[in-house]
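Close look at the chain arrangement
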Amino acid sequence: MTQDARRQAPAAARNRDPILAVLREALPPSGLVLELASGTGEHAVHFAKALPGVLWQPSDPDAGARESIAAWREAEALPNLLPPLALDAAAQSWPVAAADAIVCINMIHISPWESTEGLMAGAGRLLAPGHPLVLYGPYRRAGHPIEPGNQAFDEDLKRRDPRWGLRFLEEVSACALEQGLVLERFVEMPANNLTVIFRKR
Ligand SMILES: C[S@@+](CC[C@H](N)C(=O)[O-])C[C@H]1O[C@@H](n2cnc3c(N)ncnc32)[C@H](O)[C@@H]1O
């Protein structure tokens, strides 16, 4: 593994500190945090560094993403950052039996709806009562006009794959509730994104 595999996403550098501020309030002070759709691995490194009390478990179904996460991990040598797992949210079983929290950033709108259903089913299985699922990304909201930037993003996503697109927070919350995950609150974030916190009942 060489450090050359490290990928960078400009958005991750912009959103990581606002997300971290919410994670500090939502996550338990210790235990295993399972991150789905870790992508480049930049969030995993940033959050593991900032939250030394938790053990951060990154994952992604994409092999190139896992190489990038592994390369960031090797470069930063953080004691609380585990090697990335191959994990597809839509899969019936996941390679982790339990987690104290689950974090998923920017996946729900860039994957088919089955990934959200799988994410909620997995979170329902892995989380003990009172433990959080934290999501971040752009959402539509009933009775709330979509922002022009998010409208253009939604159209672009659907052009790339008709199964993709911004989801309604109400539909994501209903899907979560079917798995015993109750919407606790959402936080308005820069650039018309939301951080959404669910808790296992
Ligand atoms: C836009 S990237 C976001 C990456 C990172 N979380 C970030 O915000 O920089 C979307 C990620 O979702 C992952 N992904 C897509 N479908 C998935 C699924 N079914 N389960 C888990 N991850 C998935 C992709 O491999 C990709 O890494």
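Residues numbered from 1 in each chain as written. Predicted model: local features only at pLDDT ≥ 70, side-chain atom pairs only at ≥ 80, totals over all residues. Heavy atoms only, no water.

A few words now on the domain arrangement of the protein. Often, the extent of an interface is quoted as the loss of accessible area upon association of its parts. Assigned domains within the protein: domain 1 (1-35 + 46-87) and domain 2 (119-127 + 137-182). Each of domain 1 and domain 2 was reduced to a C-alpha centroid, and the two centroids are 23 Å apart. (Domains from an automatic or database assignment.)

Right, let's talk about helix 2 (residues 42-50) for a bit. In terms of residue burial, helix 2 counts as a mostly covered element, since seven of its nine residues are buried. The set of residues buried in helix 2 consists of Glu 42, His 43, Ala 44, Val 45, His 46, Phe 47 and Ala 48. Residues of helix 2 that are buried in the fold lie against helix 1 (10-26), strand 1 (31-36), strand 2 (54-57), helix 3 (63-76) and strand 3 (101-105). (Buried < 20%, exposed > 50% of the residue type's maximum accessible area, 1.4 Å probe, protein only. Helix = DSSP H or I, 4+ residues; strand = E, 2+ residues; numbered from the N terminus. Contact = heavy atoms within 4.5 Å.)

At a closest axis distance of 10 Å, the pairing of helix 1 and helix 2 adopts a crossing angle of 40 degrees. When the axes of helix 1 and helix 2 are compared, the pair comes out oblique. Helix 2 is crossed by helix 1, and the crossing has right-handed handedness. Counting all contacts with helix 1, which are made through Ala 12, Asn 15, Arg 16, Asp 17, Ile 19, Leu 20, Leu 23 and Arg 24, the residues of helix 2 involved are Glu 42, His 43, His 46, Phe 47 and Ala 50. By residue class, the composition of the contact of helix 1 with helix 2 is six nonpolar, three polar and four charged. (Axes fitted to C-alpha atoms, helices over the stretch in contact; angles between N-to-C directions. Parallel < 35°, antiparallel > 145°, perpendicular 65-115°, else oblique. Left-handed = near helix turned anticlockwise from the far one by under 90°. Nonpolar A, V, L, I, M, F, W, Y, C, P; charged D, E, K, R; others polar.)

Right, let's get into the nonpolar core. Residues Ile 102, Leu 119, Met 120, Leu 133 and Leu 135 are the most contacted members of the largest nonpolar core, which totals 29 residues. For this core, the secondary-structure elements that each account for two or more residues are strand 1, strand 3, helix 4 (113-126), strand 4 (132-137), helix 6 (169-178) and strand 6 (193-200). Taken domain by domain, the makeup of this core includes at least three residues from each of domain 1 (1-35 + 46-87) and domain 2 (119-127 + 137-182). Beyond its immediate chain neighbours, meaning those up to four positions away, Ile 102 contacts Leu 34, Leu 36, Trp 94, Leu 119, Ala 123, Leu 126, Leu 127, Pro 132, Leu 133 and Val 134. Core analysis: the second largest hydrophobic core is formed by 24 residues, Ile 19, Ala 26, Trp 56 and Val 134 among them. (Core = buried A, V, L, I, M, F, W, Y, C linked by side-chain atoms within 4.5 Å.)

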